[in-house]
Amino acid sequence: MTPRPVRVLLADDHAAIRAGLRLLLDAADDVEVVGEASDGTAAITNARALRPDVVLMDLRMPGVDGIEATRVITSEGLADVLVLTTFDLDEYVDGALRAGAAGFLLKSAEPAALLDAVRRVADGDGVLAPEVTRRLLAAFARGPAPDGAPRPAPTTRPGGTADPAAGPPSGTAGAAPAPAAGRNAARGPDQDPRLADLTPREVDVLAALGRGLSNQGIATDLYITEATAKTHVSRVLAKLGVATRMQAAIVARDTGLA
């Protein structure tokens, strides 16, 4: 039996960009463009009517912008949203991810990368453009915690890192924090209330999400199966009350786990 294609709604105020995206996506056997929208209001209306799997969302549109449209679409559970942005550090990206976007890519992304991102988002993964991942996560760490939640001081971060925007020490690029650090952060006397309901394993998974790992990456990192990783991710999202992996990654950064 042939799997159902990924159904995509295009939301961009430039007709030429929508036409180019449609041409690219329709060429794939497993992706189907089911509709288009030229502004945020139309994106919300069409998402309600068409129930796509993924909305490719521009941020800067007339009237209701991409951030507000993303917030409505994700809060109503209409579709996952993948933001496409022109700039490598757009001031609206933080708001879009906090609004529930599953990720974002640059509009200059290679066709294969865009198709892969659409498939991954439809499959429940998050996607961040590699050019901006580190800077965005660093910006989340510096920014105010959502909903007024407390943020640990930089000196209390796991692993002793003093600057929340700093990368790993020389010679350890890409190295994951030790799982025990995540557990201590979640169970210590100054634990963030958002982590109170998480098990030690779920804290480890949240820390991995904060580092941008996919389900397969989490499975490898924690020596578990990919199916188990996916189950843990779903439980973490539910307990945190967030809709996407990107929002969970923000919590991980806010609480010093990543």
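Criteria and cut-off values
Residues numbered from 1 in each chain as written. Predicted model: local features only at pLDDT ≥ 70, side-chain atom pairs only at ≥ 80, totals over all residues. Heavy atoms only, no water. Axes fitted to C-alpha atoms, helices over the stretch in contact; angles between N-to-C directions. Helix = DSSP H or I, 4+ residues; strand = E, 2+ residues; numbered from the N terminus. Parallel < 35°, antiparallel > 145°, perpendicular 65-115°, else oblique. Left-handed = near helix turned anticlockwise from the far one by under 90°. Contact = heavy atoms within 4.5 Å. Nonpolar A, V, L, I, M, F, W, Y, C, P; charged D, E, K, R; others polar. Core = buried A, V, L, I, M, F, W, Y, C linked by side-chain atoms within 4.5 Å. Buried < 20%, exposed > 50% of the residue type's maximum accessible area, 1.4 Å probe, protein only. Salt bridge = Lys/Arg side-chain N within 4 Å of Asp/Glu carboxyl O. Pairing = 2+ DSSP bridges.

Turning our eyes to something else, we now look at the packing of helix 10 (residues 226-240) against helix 11 (residues 245-254). Interhelical geometry of helix 10 versus helix 11 gives an angle of 70° and a closest axis separation of 10 Å. Classified by the angle their axes make, helix 10 and helix 11 are roughly perpendicular. In this structure, helix 10 meets helix 11 at a crossing whose hand is left-handed. Across from Val233, Leu237 and Leu240 in helix 10, the residues of helix 11 making contact are Arg245, Ala248 and Val251. In the contact of helix 10 with helix 11, the residues fall into five nonpolar, no polar and one charged.

Counting 49 residues, the largest nonpolar core has Val8, Leu25, Leu56, Met57 and Ile73 as its most contacted members. Excluding residues within four positions of it along the chain, Val8 makes contact with Leu25, Val31, Glu32, Val33, Val34, Gly35, Pro52, Val54, Leu56 and Val118. By size, the runner-up hydrophobic cluster in this structure holds 22 residues, among which are Ala207, Val242, Ala248 and Ala252.

We now examine the pattern of salt bridges. All chains considered together, the criterion is met by 17 salt bridges. Among the salt bridges present, the one from Asp12 reaches Lys107, with a minimum N-O distance of 2.9 Å. Taken as a pair, Asp12 in the loop between strand 1 (6-11) and helix 1 (15-26) and Lys107 in the loop between strand 5 (103-106) and helix 5 (111-122) lie far apart in primary sequence, 95 residues in all. According to the relative accessible area criterion, Asp12 is buried, its value standing at 4%. By relative accessible area, Lys107 is classed as partly exposed at 30%. Among the salt bridges present, the one from Glu202 reaches Lys239, with a minimum N-O distance of 2.8 Å. With Glu202 in helix 8 (residues 200-210) and Lys239 in helix 10, this residue pair connects regions lying 37 residues apart in the sequence. With a relative accessible area of 4%, Glu202 lands in the buried category. By relative accessible area, which is 36% here, Lys239 ends up partly exposed. Through salt bridges with shared partners, one network takes in Arg18, Arg22, Asp26 and Glu36.

A few words now on the sheet that holds strand 5. Hydrogen bonds between backbone atoms are what pair the strands of a sheet, whose relative direction is either parallel or antiparallel. Pairing is parallel in the open sheet, where six strands are placed in the order 2-1-3-4-5-6. In the strand order of this sheet, the two ends are held by strand 2 (31-37) and strand 6 (127-128), each with one partner. Across four bridges, strand 4 (residues 80-85) lies against strand 5 in parallel orientation. Within the sheet, the bridge partner assigned to Val83 lies in strand 5 and is Phe104. Along the sheet, helix 3 (residues 66-75) makes contact with strand 3 (54-58) and strand 4, crossing strand 3 at roughly 160°.

For Ala196, the position within the fold is in the loop between helix 7 (179-187) and helix 8. Take Ala196: its relative accessible area is 35%, and that puts it in the partly exposed class. Between the C-alpha atoms of Ala196 and Lys239, which are 43 residues apart in sequence, the distance is 9.4 Å.

Let's shift gears to the packing of helix 8 against helix 10. Relative orientation of the contacting elements helix 8 and helix 10 amounts to 90°, with a least axis distance of 9 Å. Relative to helix 10, helix 8 is oriented roughly perpendicular. Listed contacts from helix 10 to Arg201, Glu202, Val205, Leu206 and Leu209 of helix 8 are His232, Val233, Arg235, Val236, Lys239 and Leu240. When grouped by side-chain class, the residues that make up the contact of helix 8 with helix 10 number six nonpolar, one polar and four charged.

Treat this as a map of the structure, not an account of what it does.
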